[in-house]
Amino acid sequence: MSVVLVTGANRGIGHEVCRQLAGRGVTVIAASRSGALHPYGASLALDVTDESSVTRAIATIASNWGQVDVLINNAAVLLDQGQSILTLSSDSLRSTLETNLIGPMRVAQSVWPLLRNGGCVVNVSSMSGQFVEMDDWAPAYSLSKTALNALTVQLAIAGRPNAIRVNSVCPGWVQTEMGGIGAPLSPAEGAAGIVWLALDAPICHTGMFFRDRAVIPW
Ligand SMILES: NC(=O)c1ccc[n+]([C@@H]2O[C@H](COP(=O)([O-])OP(=O)(O)OC[C@H]3O[C@@H](n4cnc5c(N)ncnc54)[C@H](OP(=O)(O)O)[C@@H]3O)[C@@H](O)[C@H]2O)c1
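What comes next concerns the included structure.

How each quantity is defined
- Residues numbered from 1 in each chain as written.
- Predicted model: local features only at pLDDT ≥ 70, side-chain atom pairs only at ≥ 80, totals over all residues.
- Heavy atoms only, no water.
- Helix = DSSP H or I, 4+ residues; strand = E, 2+ residues; numbered from the N terminus.
- Rg over C-alpha atoms; globule rule 2.2 N^0.38 Å.
- Buried < 20%, exposed > 50% of the residue type's maximum accessible area, 1.4 Å probe, protein only.
- Core = buried A, V, L, I, M, F, W, Y, C linked by side-chain atoms within 4.5 Å.
- Contact = heavy atoms within 4.5 Å.
- Near = heavy atom within 4 Å.
- Polar contact = N/O pair within 3.5 Å; in protein donor to acceptor, adjacent residues only side chain to side chain.
- Areas by Shrake-Rupley, 256 points an atom, 1.4 Å probe, with all protein chains shown as cover.
- Nonpolar A, V, L, I, M, F, W, Y, C, P; charged D, E, K, R; others polar.

## Re the overall build of the protein
Part 1: Scanning the protein for helices and strands turns up five helices and eight strands.
Part 2: Along the protein, helices and strands appear, N-terminal first, in the series β-α-β-β-α-β-α-β-α-β-α-β-β.
Part 3: Whereas a compact globule of 218 residues would reach a radius of gyration of roughly 17 Å, the protein reaches 16 Å, a difference of no more than 12%.
Part 4: Summarising its shape, the C-alpha atoms of the protein cover approximately 45 × 35 × 30 Å along the three principal directions.
Part 5: Burial statistics for the protein: of 218 residues in total, 50% are counted as buried.

The following block contains the structure:
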C-alpha cells in the first residue's frame with residue numbers, strides 16, 4: 001500500500017487532498033503545524049520552516065512506516081497580496097521563501113532516503129510562479145513559486161538514478177483561506193489534479209509543471 005505524506009494537511013487544499021487519498025485506500029500521513037488529529041490520515045506535527053520539527057517528523061515516519069511513496073509539498077503562505085515589488089520588504093520575501101521554497105526543499109531532503117524507487121514528489125505550485133503568466137498581485141508569492149518550480153527541476157534531476165519523479169502542479173484558483181471566497185474552484189476540484197499527479201500520472205513524467213492533468217509551460 002502506498003504511503004503518502006501531505007504537508008499543510010489541516011485545512012484548505014491539503015485537507016481535501018488527504019480526504020481524496022484516503023478514499024483511494026492510501027495510507028495518508030497528514031502533517032500540520034499543530035499536529036492535531038486528522039479525519040483522513042495519521043496526524044503528524046510538522047512545521048516546514050523548523051529544521052528540528054522536520055527531523056522529528058521524518059524520524060517518526062521512518063520508525064512507524066519505514067517508507068514514503070509520495071511526498072506532497074502543499075504547505076505555503078501568501079503574505080504580500082496587493083503589495084508592489086517596488087516596496088516589498090526583504091523580510092516579507094524572506095518569510096515567504098522560508099515556507100514556500102526552503103520548507104519544501106527541507107522536507108524533500110529529509111524524506112529522500114525513505115522514498116522508494118518509483119516514488120514521487122509533488123510540489124504544489126501556482127500559475128503565479130509561471131514566467132509566461134506571471135502578474136504582479138503578490139510579488140513575493142510569485143517569486144517563491146517560480147523558485148519552487150526550479151526546485152522541482154533540480155530534484156527531478158537528482159531523482160533520475162532512483163526513478164524518483166518530481167513535478168510541480170497548479171491546483172487552479174481554489175476557494176480556501178488563501179484563494180478567497182471568489183475563487184471559481186472548490187477544494188475538491190483543486191485537489192483532484194494533485195491526487196492524479198500523486199497516484200495516476202504516467203510514470204514517464206518528471207521535472208514538469210501540470211494543471212488539470214496536462215503539462216503547462218514554465
Ligand atoms: N487557493 C488557491 O487558489 C491556490 C492557487 C494556486 C496554488 N495554491 C497552492 O495550494 C497550496 C494549498 O493552498 P491553500 O489554498 O489550501 O492554502 P491555505 O488554505 O492558506 O492553507 C495553507 C496550509 O499551509 C499550512 N502552512 C503554512 N505555513 C506552514 C508551515 N510553516 N508549516 C506547515 N504548514 C504550514 C497552513 O497551516 P496553518 O493552518 O498552521 O497555517 C495550511 O494548512 C499552497 O501551496 C498554495 O500556494 C493555492
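## Quick look at the environment of glycine 8
Part 1: For glycine 8, the location among the structural elements is in the loop between β1 (3–6) and α1 (12–23).
Part 2: Since its relative accessible area comes to 17%, glycine 8 is described here as buried.
Part 3: The spacing of glycine 8 and glycine 35 is 27 residues in sequence and 10.0 Å in space, taken between C-alpha atoms.

## Section: the nonpolar core
Part 1: Counting 26 residues, the largest nonpolar core has Leu5, Ile61, Val107 and Val111 as the members making the most contacts within it.
Part 2: Put simply, the parts of the chain that give this core at least two residues each are β1, β2 (27–32), α2 (51–64), β4 (68–73), α3 (90–111), β5 (115–124) and α4 (139–159).
Part 3: In this structure leucine 5 touches Ile29, Ala31, Leu44, Ile58, Ile61, Val68, Val70, Leu71, Ile72, Val107 and Val111, once residues within four positions along its chain are discounted.
Part 4: Counting residues in hydrophobic clusters, the runner-up holds 25 residues, among them Ala9, Val70, Ala191 and Phe210.

## Here we look at the site of the ligand
Part 1: Around the ligand, the surrounding shell holds 28 residues, and the nearest of these are Asn10, Arg33, Tyr141, Val174 and Thr176.
Part 2: Asparagine 74 is positioned such that a nitrogen or oxygen atom in its backbone is 2.7 Å from an oxygen atom of the ligand.
Part 3: Contact with the protein chains removes 93% of the 900 Å² of surface that the ligand exposes when unbound.
Part 4: For the shell around the ligand, the secondary-structure elements that each account for two or more residues are α1 and α4.
Part 5: When the residues that make up the shell around the ligand are grouped by side-chain class, the tally is twelve nonpolar, eleven polar and five charged.

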